[in-house]
Amino acid sequence: LSRDYLTDFELMILLSILRIGDEAYGLPIAREIEKTGGRGVVLGAVYAALDRLETNGLITSTLGAPTQARGGRAKRFFSVTPAGLKAVRRTQRALTKLWTGIAQLEQGGA
Amino acid sequence: MHTHHPPRFILELMERLIDDEALSGDLLEGWRDRSNWWLWRQVLLSGASRVAYKARLAPRVAIETVLLSSAILLLLGLYAVGVASLLSFLIDDAWPLQTGRYQRWQLYSIVPSFAVAVLIGHGINRLHGNHHLTTVFLCSGTAAAAACVNQYLFVPNAFSEPFGTDAPLQIVLSMIFIAGLFSGVATRASCEPLSSS
């Protein structure tokens, strides 16, 4: 199911992948969201969103080599596709437009 | 940082609930800097999240699976209680002991009964690779034996009224035991040990 705009969680995941760069796999992505977003994250929910983003062509993934520290399991590295970058920009533009001209926000305060 | 292994039961649960190699690897890697409680929470919530995600992808398959599993459990539960009732009837004269002495405790037996069934199923699982027919006989025999024990412990006058008003409750208890048995039989080989480095 393709949508024009990203959900806040999808946007956070895409931005986290872009921030982390080449070493973007599930755990660092979740930690980045916890650190910058200030919210607890369930890794299973992160992977469900990553799978959805990959199905929609917004990210791609490659499997790394299995490591002993992970019980012989491989890492899955993610990167954002050009379509993913476009979706991030489109969502940013839409949010920025919504942001501007709101008196309560421009005056500051809670 | 942990240098030992995560609790074996969490690993077993993770093997069962999470079919994504990268996700389970991330959980194990994340656990190294966090508590066992963190791993418990992540495994349970991630398992639920995976199930919900897959059910959304193929809702019809999910509904069919739930219905089919419930039907299989119900049929095997009926079989187990039927066999137990028949045996109760047959051994009525040879077994004059009072039954149903622990009737008020039967609901509390659900959790330990499931756990015992998982352990028995885990044992039966060792035969699963090469002896499928033996596995089937052992599972059905164990379920029937568990139903007999349930009837003896929990059903008053089980011998004189073998298939009485308690039958639906006994079938539900048998279904829970059989679900545990299947969970144990379905146990996969546990993952490779973690290195301490």
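Residues numbered from 1 in each chain as written. Chains lettered and ligands numbered in written order. Predicted model: local features only at pLDDT ≥ 70, side-chain atom pairs only at ≥ 80, totals over all residues. Heavy atoms only, no water.

(A) Main features of the overall build of chain A. Regarding its fold elements, chain A presents five helices and two strands. Traced from its N-terminal end to its C-terminal end, chain A shows the element sequence α-α-α-β-β-α-α. Across the 110 residues of chain A, 40% fall into the buried class. (Helix = DSSP H or I, 4+ residues; strand = E, 2+ residues; numbered from the N terminus. Buried < 20%, exposed > 50% of the residue type's maximum accessible area, 1.4 Å probe, protein only.)

(B) Region of interest: the interface of chain A and chain B. With 24 residues of chain A at the interface, the matching set in chain B holds 30 residues. Of the roughly 2,200 Å² buried between chain A and chain B on both sides combined, carbon and sulfur atoms contribute 46%. The residue B:D26 makes a salt bridge to A:R70 at a minimum N-O spacing of 2.7 Å. Remark: the boundary between chain A and chain B carries 18 residue pairs in polar contact (both at pLDDT 80 or more). Secondary-structure elements contributing two or more residues to the side of chain A that touches chain B are α2 (26–37), α3 (43–55) and β2 (73–80) of chain A. Per-element accounting of the side of chain A that touches chain B gives the leading share, eight residues, to α3(A). Taken together, the residues of the side of chain A that touches chain B break down into 10 nonpolar, six polar and eight charged. (Contact = heavy atoms within 4.5 Å. Buried area = accessible area lost by both parts, 1.4 Å probe. Salt bridge = Lys/Arg side-chain N within 4 Å of Asp/Glu carboxyl O. Polar contact = N/O pair within 3.5 Å; in protein donor to acceptor, adjacent residues only side chain to side chain. Nonpolar A, V, L, I, M, F, W, Y, C, P; charged D, E, K, R; others polar.)

(C) Inspection of the packing of helix α6 (residues 132–154) of chain B against helix α7 (residues 167–185) of chain B at higher detail. Residue and element names in this part refer to chain B. At their nearest, the axes of α6 and α7 sit 10 Å apart, and the two run at 145° to each other. In this structure, α6 meets α7 at a crossing whose hand is right-handed. Facing T135, C139, T142, A143, A146, A147, N150, Q151 and F154 of α6, the residues of α7 in contact are Q170, L173, S174, F177, I178, L181 and V185. Here the contact of α6 with α7 is composed, by residue class, of 10 nonpolar, six polar and no charged. (Axes fitted to C-alpha atoms, helices over the stretch in contact; angles between N-to-C directions. Left-handed = near helix turned anticlockwise from the far one by under 90°.)

(D) Highlighting the pairing of β2(A). All names here are of chain A. Most of β2 is tucked away, with seven of its eight residues classed as buried. Across seven bridges, the pairing between strand β1 (residues 59–67) and β2 is antiparallel. From the neighbouring strand, T62 faces β2, where its bridge partner is F77. Where β1 folds back on β2, the antiparallel hairpin that results is connected by five residues, among which G71 adopts a positive phi of roughly 65°. (Pairing = 2+ DSSP bridges.)

(E) Local environment of the nonpolar core. Core analysis: the largest hydrophobic core is formed by 38 residues, its most contacted members being A:I13, A:I17, A:I29 and B:L27. In contact with A:I29, other than residues within four places in its own chain, are A:I13, A:S16, A:I17, A:I20, A:A24, A:V46, A:L50 and A:F78. B:L73, B:V81, B:A84 and B:I171 belong to the second-largest nonpolar core, a separate cluster that totals nine residues. (Core = buried A, V, L, I, M, F, W, Y, C linked by side-chain atoms within 4.5 Å.)

(F) A look at the pattern of salt bridges. Going through the model one piece at a time under the given rule, you end up with 17 salt bridges over all chains. Of the charged contacts in the structure, one is a salt bridge between B:D33 and A:R31, with a shortest N-O distance of 3.3 Å. Here B:D33 is found in the loop between α2 (21–31) and α3 (36–57), whereas its partner A:R31 is found in helix α2 on a different chain. The class of B:D33 is partly exposed, set by a relative accessible area of 48%. Between A:E34 and B:R34 there is a salt bridge, and its shortest N-O distance comes to 3.4 Å. Here B:R34 lies in the loop between α2 and α3 and A:E34 lies in helix α2, a pairing that spans two chains.

That is the geometry; function is a separate question.
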